[in-house]
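Here is how the chains run, residue by residue.
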Amino acid sequence: MPQTNQDKTGILLPNSFGRTFSSSYPAGNRPAANYNLLFKDDFSSGTIGNGYTGFHASTVYANDHPYLGGKALRVNLGTMNPPTCGGAMNYGGRINLPQSIPYGSRVWYSARFFHPSTRTWGYCYDSGDNAEAVACGKESDGNEWTKFMVLAPTTGTARIYVQPKAARRTVTQQLGMRVSSEESQTPDDNHSIALPLDQWHTLQVEVLISTSGYLRVWLDNTVIMYVDCATVSSGNSIAQWGIGDYWNGCPYTDGGANRSHFWMKDVMIATNAAGFTAPTDTDGSGNIFIAPTRIPRDFS
């Protein structure tokens, strides 16, 4: 049946290739969200090819991402193919929040990603490769979990990570995700899931900032990990958000095309700390979160 001609400039909905428009608000009068954010960025203000302030120089503004218009961050990886030296472990970066989120509060950190099926997920060097790593001036600290989404405390270096699984000297994505705080060393692992490839998706972590807190992670609308744990030390707060910012063991490549990058479209961070309101969106189980249909311009 042929579709009618409609002005589809209203609400944005996700599909397998990013976002499409529906006719729910044909006049384009999509309402603003009824909660506020601590931080948001759709990466629209930078110059193509320039770096994103606070991230390593390998991350740049780009408009070559698939399926969605406008700009995104192109997060480039310093891949290498042992025994040839080169590459770099640093990728992404960590950025100070406008203000620290205090002990006892909750924080929701949501970001939209596109991982091409050609990109690498592997690392070069583990403890058995120490001599080879030293010869190239690298660390042999590769392990089965890659630092990805991160929230960092105000005091100390015990960070909170969402981590996809990795393997030594293979570009292939592994099945498995982990969420953990280095304060408690009490992770939750999901061995039956991997991040979607060749499509945009939203990954979100919620933290109750406490020695008796919890970590919860969504992939789009679905909770994929949850653990009760000490998320920070007593009285500590959350001061930074980021990606990475380093890849244990250095990212591996077999030399194939398009191994060394992925894209990040936007970031939104909410909190229930004083002066802000917790999200009012809910998933299918009634958990409050930043809905994956949200975009930064929904918020004033």
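Note: the structure precedes this text.
Enquirer: How would you summarise unusual backbone geometry if you had to cite specific residues and measurements?
Expert: Going from proline 82 to proline 83, the amide bond is cis rather than trans, its omega being 10°. Positive phi, close to 70°, is recorded for cysteine 250, a residue that is not glycine. Looking at where cysteine 250 falls in the secondary structure, it is placed in the loop between strand S15 (238–246) and strand S16 (261–271). For cysteine 250, a relative accessible area of 2% corresponds to the buried category. The phi dihedral of asparagine 258 is positive, around 60°, even though this residue is not glycine.

Enquirer: Tell me about the pattern of salt bridges, and please be specific about residues and values.
Expert: Oppositely charged side chains may form a pair once their charged atoms are brought near each other. Inspection of the entire model under this criterion finds 13 salt bridges. Across the pair arginine 168 and aspartate 129 runs a salt bridge whose closest N-O atoms are separated by 2.9 Å. With a gap of 39 residues between them, arginine 168 in the loop between strand S9 (160–164) and strand S10 (177–181) and aspartate 129 in the loop between strand S7 (106–114) and helix H1 (130–135) connect regions that are remote in the sequence. Looking at aspartate 129, the relative accessible area reads 8%, which means it is buried. Between aspartate 254 and arginine 259 there is a salt bridge, with its nearest N and O atoms 2.9 Å apart. In this structure arginine 259 comes out as buried when scored by relative accessible area, which is 16%. The network of salt bridges with shared partners includes Asp129, Glu132, Arg168 and Arg169.

Enquirer: Which residues make up the side chain of arginine 178, and what values do they have?
Expert: Assignment of secondary structure puts arginine 178 in strand S10. Separated by 2.7 Å, the side chains of arginine 178 and aspartate 189 make a polar contact. Sequence-distant contacts of arginine 178, defined by excluding residues within four places in its chain, comprise Trp145, Tyr161, Val162, Gln163, Pro187, Asp188, Asp189 and Met225.

Enquirer: Would you mind going over the pairing of S9 in detail, with residue names and values included?
Expert: Buried residues dominate S9, accounting for five of its five residues. Burial along S9 is two-sided: the face carrying Ile160, Val162 and Pro164 and the face carrying Tyr161 and Gln163 are both buried. With three bridges joining them, strand S8 (residues 149–153) and S9 adopt antiparallel strand pairing. Within S9, the position partnered with methionine 149 by the bridge is valine 162. As consecutive antiparallel partners, S8 and S9 are separated by six residues, and within that stretch glycine 156 has a phi angle of approximately 85°, a positive value. Where S9 lies against S10, five bridges are found, and the strand directions are antiparallel. Opposite isoleucine 160, over in S10, you have serine 181 as the bridge partner.

Enquirer: Which residues make up the packing of aromatic side chains, and what are the values?
Expert: Under the defined criterion, the tally for this structure stands at 16 aromatic pairs. On the basis of an interplanar angle of 85° and a centroid distance of 5.2 Å, the ring pair of phenylalanine 43 and tyrosine 52 is categorised as edge-to-face. The exposure classification of phenylalanine 43 matches that of tyrosine 52, with both residues buried. Their ring planes at 70° and their centres at 5.8 Å tell us that tyrosine 109 and tryptophan 241 sit as a pair that is edge-to-face. Taken together, the residues span a long stretch of sequence, with tyrosine 109 in strand S7 and tryptophan 241 in strand S15 at a distance of 132 residues. An identical accessibility class is assigned to tyrosine 109 and tryptophan 241; each is buried. Of note, arginine 119 hangs over the ring of tryptophan 121, and the distance from its end group to the ring centre comes to 3.7 Å.

Rules and cut-offs
Residues numbered from 1 in each chain as written. Predicted model: local features only at pLDDT ≥ 70, side-chain atom pairs only at ≥ 80, totals over all residues. Heavy atoms only, no water. Helix = DSSP H or I, 4+ residues; strand = E, 2+ residues; numbered from the N terminus. Buried < 20%, exposed > 50% of the residue type's maximum accessible area, 1.4 Å probe, protein only. Salt bridge = Lys/Arg side-chain N within 4 Å of Asp/Glu carboxyl O. Polar contact = N/O pair within 3.5 Å; in protein donor to acceptor, adjacent residues only side chain to side chain. Contact = heavy atoms within 4.5 Å. Pairing = 2+ DSSP bridges. Phe/Tyr/Trp six-rings, centres within 6.5 Å; stacked < 30°, edge-to-face > 60°. Lys NZ or Arg CZ within 6 Å of the ring centre and 35° of its normal.

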